[in-house]
There are 2 protein chains.
Amino acid sequence: MKFSSKVKKCGLSPMRKFHPYAVAAMEAGKKIYHLNIGQPDIETPPQYFEAVRNFQLPVLEYAPSPGLPVLIDAIQKYYDNLGMHFEKDEILITTGGSEALQIVFNCILDDGDEILIPEPFYPNYNTMVSTCGAVIHPVPTTPQEGYHYADRAKIEAGINERTRAIVCTNPGNPTGSVLTPEEMRMMVDIAKEHNLFIIGDEAYREFVYAGEPLQSLGEFEDAAENVIVIDTVSKRFSACGARIGCIISRNKELMAEALKYCQCRLSVATLDQVASAALYDVGPEYFAAVREEYKLRRDTVAAKLKEIPGVICECPRGAFYFMAALPVDSADEFQKWLLTDFEDNGETVMFAPAESFYATSGKGVNEIRIAYVLKQKDLERAMDLLAMGLKAYNER
Amino acid sequence: MKFSSKVKKCGLSPMRKFHPYAVAAMEAGKKIYHLNIGQPDIETPPQYFEAVRNFQLPVLEYAPSPGLPVLIDAIQKYYDNLGMHFEKDEILITTGGSEALQIVFNCILDDGDEILIPEPFYPNYNTMVSTCGAVIHPVPTTPQEGYHYADRAKIEAGINERTRAIVCTNPGNPTGSVLTPEEMRMMVDIAKEHNLFIIGDEAYREFVYAGEPLQSLGEFEDAAENVIVIDTVSKRFSACGARIGCIISRNKELMAEALKYCQCRLSVATLDQVASAALYDVGPEYFAAVREEYKLRRDTVAAKLKEIPGVICECPRGAFYFMAALPVDSADEFQKWLLTDFEDNGETVMFAPAESFYATSGKGVNEIRIAYVLKQKDLERAMDLLAMGLKAYNER
């Protein structure tokens, strides 16, 4: 049987690559500390489960294709509180930020088109862009410069007649980099000057640790035609399993095209929309507490990494990831070895080797992404295991 | 800004076309009987809401990309009870049957490919196929023949070197046609002989009214490489808002390609999967009662339609739709007139004009789809309104 040439180009998730080795290690009785995936251990606010328990309609009906009004209202209010106003028809509810990205890419990318994305980037962009028949044109960065990409010359060097959009994952996954207001302005200006969409993937908006006000590309009302914001409740409320996200844009034509997709898949899950609307009732103290907890974790990882000889790493300003270059030839080989040949008191550690976060072949081979999603004590132990593992690996 | 040529080819949902007229009619105080959409009024089994209320985990985590084991188990058992066995990795959970279709089409259709679909068909296939860069090659049918399509010559006439798959929506939406076991065998044989996928969209499997055993293309183990089953809890359990469906196939390469899509959108909503697994605990008496109710409704519509002069309609054997040809030039114009110019005691009726259920231009202009999703008494009144409307329309 013949399959689509587009899907053949895609790969399985790099985060799952080491799954068989992890299973073997667990079967051999090893305990694994998982710093490889972005699944937080923070409790989901009880408002979610209360709303679900209080749902009283006897028929679980389709929701309207653009989303349930109660959830659109809640999101509108959330942005109003951040000082950005969107009309209700400028918000389309989606099945997670993932579907929001898929819909937007499908609306704006044609066969042979290019989309500019700073590398390293969230690897699922690969499948999402490839299945549209388009390609990612990477904006190169280095660990030595803290993965900084907001540089006019660097960005403009990647723009050509096939370029349709620029993606800003801000705060960055996997880099944790956070744009300054001036850098955001510049990125938006570049998009305007070159008549490109600029997509703000802002899943980690709340996770900034230097007291910055929360920011969004949605602030730039002068770029109404260019700006598309991708949002989700997944990380904001530790509700990854709700699969509730949205597309936000003032570009009416984009929203009309996106609605075609929304109608063709009928609706987003009804109960999850009702419950996600209730999440927006949490007060600012919720975000403050979560931010404090992640900041502590970040500082723990930063301190531990600094003590490991040969590691190159800038302390990230946002999200809950570190990118780090390790003193090894291949992070893939090192991760495999950690699962098959290493242990300390029956324990080992997993992170995400970062080669697949790059589009440029050969880059990132000695880099890893560390997700600081564990409690303080577990995180300390996991980082110690990384240090011990590196020492033992290089002394083999 | 430039948009994808593929999305530009798609249209908005035909079911939404008359929405502005409906709003105006309601604002003018008219009551509308909705026979235009497939949203049943049957209560969702309480097992769903109980499972949701009993969910006790403090963190709403991502589910595994292929689906929650508890739901995969429940679906496996359901098919075992129907006499079909599937391994767990032959079932991938999706966000509704809609995502299942989108993923399958994206896996098997390339630019310029064709997919054979009997017309009239579920109009969302249009957007799903067009966004893959492929086209629907319709298998023509007529109301006079009860929309019968399972004819070897008819099917084979549509197959060419670009054909990749045949879709059997069985029982049919919008036609309500049900394939006999011999017809299913023949359709599968055609797919095997021509090395094509055969996709069984079997959302309405339980809704057959002549005492037939429940059937599925999944029965044909000799066509393991060809058969793909699309399933969903939406109609089976009146749980459209759960957005839980699945892809079922013994074709390992297809399932591996589909898994790439599943991983790229991370997971399906966790709580809806847990609750949908609980739905499979309902006993056979649930299905028997629901089937009895729909059969009654079908017979009501059939009896009423028979009394209306000039209507061409075969009593359908399955699903919960009637296709009918009306004695009017344009069902679109008639529907519009019913909303703007007609009423009886302040009431009118909506159905789905069927032109957009056809790929062949000019077909279906005087046809409608009637969804019998209302209670007996409302259904009778709605059909009387249709009869009165037709009479008044043709006497204008």
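Throughout, a residue's number is its position along its own chain's written sequence, starting from 1. Starting at A for chains and at 1 for ligands, labels are handed out in the order in which the entities are written. A pLDDT threshold of at least 70 governs which residues receive local features in this predicted model, and a stricter bar of 80 or more applies before side-chain atom pairs are shown or counted, although totals over entire chains, interfaces and linings include all residues. The side-chain quantities take in all heavy atoms of the structure and omit both hydrogens and water.

**Student:** Can you walk me through the overall build of chain A in this structure?
**Tutor:** Numbered from the N terminus, helices here are DSSP runs of H or I no shorter than four residues, and strands are runs of E no shorter than two. Looking only at helices and strands, one finds 13 helices and 12 strands in chain A. The C-alpha atoms of chain A give 21 Å as radius of gyration, which agrees with the globular expectation for 396 residues (21 Å, within 12%). Its C-alpha atoms put chain A at 60 × 55 × 55 Å along the principal axes. Each residue is assigned to one of three classes by its accessible area relative to the maximum for its type, calculated with a 1.4 Å probe on protein chains only: buried under 20%, partly exposed between the two thresholds, exposed over 50%. Taken across its 396 residues, chain A has 64% of its residues classed as buried. Contact criterion: two residues are considered in contact whenever any of their non-hydrogen atoms come within 4.5 Å of each other. Excluding contacts between residues fewer than 6 apart, the proportion of contacts in chain A whose partners are at least 24 apart in sequence is 75%. Areas reported as accessible are Shrake-Rupley estimates using a 1.4 Å probe. Residue values count occlusion only from the protein chains shown. For chain A, the exposed area adds up to about 14200 Å²; of that, 53% sits on carbon and sulfur atoms. Counting 40 positive and 56 negative side-chain charges, chain A places the averaged centre of each group 3 Å from the other. Restricting the calculation to C-alpha atoms gives the radius of gyration, and the globule rule supplies 2.2 Å times the number of residues raised to the power 0.38. We count Lys and Arg on the positive side and Asp and Glu on the negative side, and we leave His and both chain ends out. Positions of charges follow a simple convention, taking NZ of Lys, CZ of Arg, CG of Asp or CD of Glu.

**Student:** Honestly, the pattern of salt bridges in this entry has me stumped. Any pointers?
**Tutor:** Where side chains of opposite charge bring their charged atoms close, a pairing between them can arise. One side-chain nitrogen of Lys or Arg within 4 Å of one carboxyl oxygen of Asp or Glu is enough to make a salt bridge. All told, the structure shown has 62 salt bridges over all chains when counted by the stated rule. Between R185(A) and D189(A) there is a salt bridge whose closest N-O contact spans 2.8 Å. Of this pair, R185(A) and D189(A) both sit in helix α8 (residues 181-193), separated by 4 residues, roughly a single helical turn. Judged by relative accessible area, which is 27%, R185(A) ranks as partly exposed. Across the pair K154(B) and E145(B) runs a salt bridge, and its minimum N-O distance is 3.6 Å. For E145(B), a relative accessible area of 45% translates into the label partly exposed. Through salt bridges with shared partners, a single ionic network connects E202(A), R205(A), E206(A), D231(A) and R236(A).

**Student:** Even after reading the chapter, I still don't get the relation of the copies chain B and chain A, so can you show me in this structure?
**Tutor:** For the pair of chain copies, the relating operation is a rotation around an axis with a shift along it. In screw terms, the move from chain B to chain A is a rotation of 180° and a rise of 0.0 Å along the axis, fitting with an RMSD of 0.0 Å. The superposition of one copy onto the other is thereby described by a two-fold rotation axis. It is R53(B) whose C-alpha, among those of chain B, lies nearest the rotation axis, at 2.5 Å. Mapped onto chain A, 100% of the interface residues of chain B are again interface residues, and the two copies thus contact each other with one and the same surface. For this overlay, a least-squares fit was computed on C-alpha atoms, restricted to residues scoring pLDDT of at least 70 in both copies.

**Student:** Teacher, can you tell me more about the pairing of strand β6 (residues 197-201) of chain A here?
**Tutor:** Within a regular strand, the side chains alternate between the two sheet faces. All names here are of chain A. In terms of residue burial, β6 counts as a mostly covered element, since 5 of its 5 residues are buried. Here β6 shows a buried face lined by F197, I199 and D201 and a second buried face lined by I198 and G200. By convention a crossover is right-handed if, when the strands point away from the viewer, the path from the first strand over the helix to the second runs clockwise. Read from strand β5 (residues 163-169) through α8 to β6, the crossover connection turns out right-handed.

**Student:** Teacher, can you tell me more about the confidence of the model for chain A here?
**Tutor:** Caution applies to low-pLDDT regions: their predicted coordinates should not be interpreted in detail. Summarising the model, chain A shows a mean pLDDT of 95, and 100% of its residues fall at 70 or more. Across the interface, the model reports ipTM at 0.95; the global pTM reads 0.96. Per-residue confidence from the predictor is reported as pLDDT, a score between 0 and 100.

**Student:** For this particular structure, what's the right way to read the sheet that holds strand β5 (residues 163-169) of chain B?
**Tutor:** Neighbouring strands of a sheet are bound in pairs by backbone hydrogen bonds; such pairs are parallel or else antiparallel. All names here are of chain B. Two strands are said to pair when DSSP picks up at least two bridges between them. An order of β2-β8-β7-β6-β5-β3-β4 is seen for the 7 strands of this open sheet, with the pairing classed as mixed. Lying at the two open borders of the sheet, with one neighbouring strand each, are β2 (91-95) and β4 (135-139). Between one strand and the next, the sheet's axes are offset by a mean angle of 25°, whatever the strand orientation. In terms of strand pairing, strand β3 (residues 114-118) meets β4 through 5 bridges, oriented parallel. Residue I115 lies in a different strand from β4, and its bridge partner there is I136. Orientation is described by axes fitted as lines to C-alpha atoms, over the contacting stretch for helices, and by angles from 0 to 180 degrees between their N-to-C directions. Most of the contacts of helix α4 (residues 69-81) go to β2, to which it runs at about 115°, and overall it touches β2, β7 (227-232) and β8 (244-249). Here helix α8 (residues 181-193) sits on the sheet and contacts β5 and β6 (197-201); the angle it forms with β5, its principal contact strand, is near 170°.

**Student:** Would you mind showing me how to read the interface of chain B and chain A here?
**Tutor:** One frequent convention defines the size of an interface as the accessible area lost when the parts assemble. Taken together, the contact pairs 80 residues of chain B with 80 residues of chain A. Computed with a 1.4 Å rolling probe, the buried area is the accessible surface lost when two parts are put together, summed over both parts. Here chain B meets chain A over a buried area of about 6600 Å², counting both sides, of which 55% is carbon and sulfur. Counting the contacts that link chain B with chain A gives 8 salt bridges. With a closest N to O distance of 3.8 Å, D110(A) and K2(B) form a salt bridge. Polar contacts, as counted here, are pairs of nitrogen or oxygen atoms within 3.5 Å of one another; within protein the pair requires one atom able to donate a hydrogen and one able to accept it, and residues that are adjacent in sequence qualify only if both atoms are side-chain atoms. On the surface where chain B and chain A come into contact, there are 32 residue pairs in polar contact (both at pLDDT 80 or more). Residue assignment for the side of chain B that touches chain A shows that the elements contributing at least two residues are α1 (5-8), α3 (46-53), α5 (96-108), α6 (124-130), α9 (252-264) and α10 (270-279) of chain B. The element that contributes the greatest number of residues to the side of chain B that touches chain A is α9(B), accounting for 9 residues. Residues are grouped as follows: Ala, Val, Leu, Ile, Met, Phe, Trp, Tyr, Cys and Pro are nonpolar; Asp, Glu, Lys and Arg are charged; every other residue, Gly included, is polar. Taken together, the residues of the side of chain B that touches chain A sort by class into 36 nonpolar, 24 polar and 20 charged.

**Student:** Whenever I open this one, the packing of helix α4 (residues 69-81) of chain A against helix α10 (residues 270-279) of chain A confuses me. Can you help?
**Tutor:** Helices that pack against each other are described as a pair by the angle of their axes relative to one another and the distance between those axes. All names here are of chain A. Where α4 meets α10, the closest approach of the two axes is 8 Å, and the angle between their N-to-C directions is 30°. Classed by the angle they form, the pair α4 and α10 counts as roughly parallel. When you trace α4 past α10, the crossing you get is left-handed. Mapping the contact onto sequence places V70, L71 and A74 in α4 and Q273, S276 and A277 in α10. Per-class residue counts for the contact of α4 with α10 are 4 nonpolar, 2 polar and no charged. Note on terminology: angles under 35 degrees are roughly parallel, angles over 145 are roughly antiparallel, angles of 65 to 115 are roughly perpendicular, and the others are oblique. For any pair of crossing helices, the crossing counts as left-handed if the nearer helix is rotated counterclockwise from the farther one by less than a right angle, and right-handed if it is rotated clockwise.

**Student:** What is the right way to read α3(B) from this model?
**Tutor:** Helical geometry note: an α-helix holds 3.6 residues per turn, so side chains three or four residues apart project in the same direction. Buried residues of α3(B): Y48(B), F49(B), A51(B) and V52(B), and no others. The buried residues of α3(B) all sit within an arc of 160° when viewed along its axis, so they share a single face. The inward-facing, buried residues of α3(B) contact α3 (46-53) and α10 of chain A together with α10 of chain B. The arc in question is the one spanned by the directions pointing from the helix axis to the C-beta atoms.

**Student:** Which parts of the structure should I look at to understand the state of the cysteines?
**Tutor:** Disulfide: a covalent bond formed between the sulfur atoms of two cysteine residues. Residue and element names in this part refer to chain A. Note on disulfides: each one is a pair of cysteine sulfur atoms within 2.5 Å. Enumeration over the complete set of coordinates arrives at 0 disulfides over all chains. No disulfide involves C107; its sulfur sits 8.3 Å from that of C262, the nearest cysteine. C107 gets classed as buried once you look at its relative accessible area, which sits at 0%.

**Student:** Just checking my understanding: could you explain the packing of aromatic side chains for this structure?
**Tutor:** What describes a pair of aromatic rings is the distance from one ring centre to the other and the angle between the planes of the rings. All names here are of chain A. Classification of ring pairs rests on two measures: the distance between centres of Phe, Tyr or Trp rings, Trp counted by its six-membered ring, which must be within 6.5 Å, and the angle between planes, read as stacked under 30 degrees, edge-to-face over 60 and tilted in between. With the rule as written, the count across this model stands at 56 aromatic pairs over all chains. Summarising the aromatic geometry, the rings of F334 and F351 are spaced 5.9 Å apart at their centres and angled 25° between planes, so their arrangement reads as stacked. Separated by 17 residues along the polypeptide, F334 in helix α12 (residues 331-340) and F351 in the loop between β10 (347-350) and β11 (352-353) bring together distant segments of the chain. Among the residues examined, F351 registers a relative accessible area of 3% and is labelled buried. An aromatic cluster is defined as three or more aromatic residues linked by ring pairs; in this entry it consists of Y78, Y79, F86, F237, Y280, Y286 and F287.

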